[in-house]
Amino acid sequence: RVRPNKNAPWPPGSDPAAAEALVAGCESGRLEIRCEAGDLLLVNTKAWFHATEIPPTEQAADALSVSVARDFYILTDALAAGAAADVPQEVDMTNVEASWALNDIA
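Being a predicted model, the structure only gives us computed values, none of them experimental. (Residues numbered from 1 in each chain as written. Predicted model: local features only at pLDDT ≥ 70, side-chain atom pairs only at ≥ 80, totals over all residues. Heavy atoms only, no water.)

Asker: How do you make sense of the nonpolar core when you look at a structure like this?
Answerer: Nonpolar side chains in soluble globular proteins tend to end up buried together. Ranked by size, the top nonpolar core spans seven residues in total: Val2, Ala8, Trp10, Ala19, Val23, Ala47 and Trp48. Each residue touching Ala8, except ones within four places of it in the same chain, is listed here: Lys46 and Ala47. (Core = buried A, V, L, I, M, F, W, Y, C linked by side-chain atoms within 4.5 Å. Buried < 20%, exposed > 50% of the residue type's maximum accessible area, 1.4 Å probe, protein only. Contact = heavy atoms within 4.5 Å.)

In structure tokens:
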């Protein structure tokens, strides 16, 4: 579930009023997003408050349910040089450091 942060510095081109209107129609005041296996959800956590709920493992396919969170900031050379933020920029999203489980998951 997500809801907009009214006091956040919203990125250029985004509309916090539209975000407020979107969640205003939700009974809980939060937008519920349901992800399925293989889905990828990116959330600007400066602009949106968020909560993650993972179904109990016994209900998950293969008895395993995982959520991975990662912070990142995209600053292209063009943006750093002062280019307009609303102009699409190509970004290399390759991880620099590795991630792994300390123990076998399966």
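Asker: What's the story with the pattern of salt bridges in this structure? I'm lost.
Answerer: Any two side chains of opposite charge can pair, on the condition that their charged atoms come close. Considering all chains together, one arrives at two salt bridges under this definition. Note that Glu32 and Arg34 form a salt bridge whose closest N and O atoms lie 3.0 Å from each other. There is no split in this pair, since Glu32 and Arg34 are both exposed. (Salt bridge = Lys/Arg side-chain N within 4 Å of Asp/Glu carboxyl O.)

Asker: What is the right way to read the packing of aromatic side chains from this model?
Answerer: Two aromatic rings, taken as a pair, are described by how far apart their centres are and by the angle between their planes. Taken as a whole, this structure holds one aromatic pair when the rule is applied. Relative to Trp48, the ring of Trp10 lies with its centre 5.7 Å away and its plane at 65°, an arrangement referred to as edge-to-face. With Trp10 in the loop between strand 1 (2-4) and helix 1 (16-24) and Trp48 in strand 2 (residues 48-50), this residue pair connects regions lying 38 residues apart in the sequence. Each member of the pair, Trp10 as well as Trp48, carries the same accessibility label: buried. (Phe/Tyr/Trp six-rings, centres within 6.5 Å; stacked < 30°, edge-to-face > 60°. Helix = DSSP H or I, 4+ residues; strand = E, 2+ residues; numbered from the N terminus.)

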